[in-house]
Amino acid sequence: MRKTITNDILTIYLEGRIDSASSEAFSFFVNDAREGESYRELVLDAGGLEYVSSAGLRVILRLRKEEPTLRIIGASPEVYEIFDMTGFSEMIPIEKAFRRMSVDGCEVIGQGAKGTVYRLNDDTIIKVYKNPDSLPDIKNERELARKAFILGIPTAISYDVVKVGDSYGSVFELLNAESFSTLISEEPQNIDKYVRLYAELLRKIHSTTVSENDMPDIKITVRKWLETDREYLPAETFAKVRDLIEAVPDTVNMLHCDYHTNNIMMQNGETLLIDMDTLSHGHPIFELANVHITYVGFGEIDPSVVENFLGLPYETAKTIWNKFLPIYLDTDDAEKIRDVENKAILLSCIRNMRHTIRRGGADTEEGRRTIDLCRENIIRLSGEITTLEF
């Protein structure tokens, strides 16, 4: 056995077997490893552990009483089963070892702020997270997906978590599934069909109500959008937009908040929703703002931004938005459609301005053009709009 200390964490690495013949040596080493050391957390890395008997478990139990922060990581399925069967997994945080996978040469079928989705084969996709410390994010997304599934939203739920390089990935079984972006690209003559399915699924999501404690409140996020923009807007405009946002009812409609054609899959005729880490609750107007920015807003200055993201021509992306809104609203009334569109554009510009500012856009010519365009739209629309409800 060996030990390391990093960031005040003392890690002891276990190898081989801990049984009646070796438990005493194990106990001696652990005590010796801790003596004279200053640390805030003790970790047993079980990556090399092949077996642990009741004698070894007794040593770990005594250690747990002395070290309240003790946790075990890297346990193989066989070793984890021993800990689980004996109840140790209920007393001590224990992490299984993760399978290692590679996405080299795999097709990218979707990208988002937190990760990239790859197709491993005809049956399987994997979402690889950008943050190397993403386990809490993965756990959160799986829990949100589970809640949505129980409420009747057709979604894929990850069945495994793996290591991909220094990052983590969630693995999904999606037999012969293709994204709506791919299908629209391959079958442009069927765009009306896919846009209708797309709009109908979003209406189903928005008609589903959730407990406000189960999902984040989207209005909290929207307030952050506006606060970032404050110094770029006239004071009276900022105050008007703030009041419009605060006046929106605090509803508990389910929102996806990253709803685009890369995240909608077709599997054997069934429509499935993926990438559930952004699930929230609130008024649907905030969702429509996110939909608008994806298909239109992000590409107004540089259409390639949308084209690279969706894998579709910018004109096709705008067509999706223009066809989607009347179906979603279930109306041909041009005045009503335009009214709701303006509300969505106002919020879309607020988000786009923040997005640009946070990425250093104020220091580039293209970024300044985006900020200026968003400012003009926000000033104009906030002077015309009296409510964001519809």
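Shown above is the structure to which this text applies.
Residues numbered from 1 in each chain as written. Predicted model: local features only at pLDDT ≥ 70, side-chain atom pairs only at ≥ 80, totals over all residues. Heavy atoms only, no water.

Evaluated as defined, the whole model comprises eight aromatic pairs. Here a set of aromatic residues connected by ring pairs shows up, and it is made of Tyr198, Tyr259, Tyr295, Trp321, Phe324 and Tyr328. Above the plane of the ring of tyrosine 13 lies arginine 2, whose end atom (NZ or CZ) is 4.0 Å from the centre. Just above the ring of tyrosine 168 sits the side chain of lysine 163; from NZ or CZ to the centre is 4.2 Å. (Phe/Tyr/Trp six-rings, centres within 6.5 Å; stacked < 30°, edge-to-face > 60°. Lys NZ or Arg CZ within 6 Å of the ring centre and 35° of its normal.)

Glancing now at a nonpolar patch on the surface. Nonpolar side chains collect at one region of the surface, where Phe149, Ile150 and Ile157 lie side by side and expose about 300 Å² of accessible area between them. Summarising the element assignment, phenylalanine 149 is placed in helix H5 (residues 135-150). (Patch = residues over 30% accessible without salt bridge, like charges linked within 9 Å, V, L, I, M, F, W, Y side chains within 5 Å. Areas by Shrake-Rupley, 256 points an atom, 1.4 Å probe, with all protein chains shown as cover. Salt bridge = Lys/Arg side-chain N within 4 Å of Asp/Glu carboxyl O. Helix = DSSP H or I, 4+ residues; strand = E, 2+ residues; numbered from the N terminus.)

On the surface, a cluster of negative charge is made up of Glu78, Glu81, Asp84 and Glu90. Sort the elements by how many residues they give to the negative patch and helix H3 (residues 77-85) lands first, with three residues. By the element assignment, glutamate 81 lies in helix H3. (Lys, Arg positive; Asp, Glu negative; His and termini not counted. Charge placed at Lys NZ, Arg CZ, Asp CG, Glu CD.)

Bringing the nonpolar core into the picture now. Formed by 71 residues in total, the largest nonpolar core has its most connected members in Tyr259, Leu288, Tyr295, Phe324, Leu346 and Leu347. The greatest single-element share of this core, amounting to 10 residues, is contributed by helix H13 (residues 334-358). Excluding residues within four positions of it along the chain, tyrosine 259 makes contact with Tyr198, Leu201, Leu202, Ile205, Ile264, Leu273, Glu287, Val291 and Tyr295. Ranked by size, the runner-up nonpolar core spans 26 residues in total, among them Leu14, Val30, Leu57 and Val79. (Core = buried A, V, L, I, M, F, W, Y, C linked by side-chain atoms within 4.5 Å. Buried < 20%, exposed > 50% of the residue type's maximum accessible area, 1.4 Å probe, protein only. Contact = heavy atoms within 4.5 Å.)

Turning to the packing of H13 against helix H14 (residues 365-384), a few remarks are in order. Between two packed helices, both the angle of their axes relative to each other and the distance between the axes serve to describe the pair. For the pair H13 and H14, the least separation of the axes is 9 Å and the interaxial angle reads 150°. Between H13 and H14, the angle falls in the class roughly antiparallel. With respect to the hand of their crossing, H13 and H14 are arranged in left-handed fashion. For the pair formed by H13 and H14, the contact residues are Asn342, Ile345, Leu346, Cys349, Ile350, Asn352, Met353, Thr356 and Ile357 on the first element and Gly367, Thr370, Ile371, Cys374, Arg375, Asn377, Ile378, Leu381 and Ser382 on the second. In the contact of H13 with H14, the residues fall into 10 nonpolar, seven polar and one charged. (Axes fitted to C-alpha atoms, helices over the stretch in contact; angles between N-to-C directions. Parallel < 35°, antiparallel > 145°, perpendicular 65-115°, else oblique. Left-handed = near helix turned anticlockwise from the far one by under 90°. Nonpolar A, V, L, I, M, F, W, Y, C, P; charged D, E, K, R; others polar.)

What follows is about the side chain of serine 382. Following the sequence through the fold, serine 382 ends up in helix H14. Excluding residues within four positions of it along the chain, serine 382 makes contact with Thr237, Lys240, Val241, Leu346 and Asn377.

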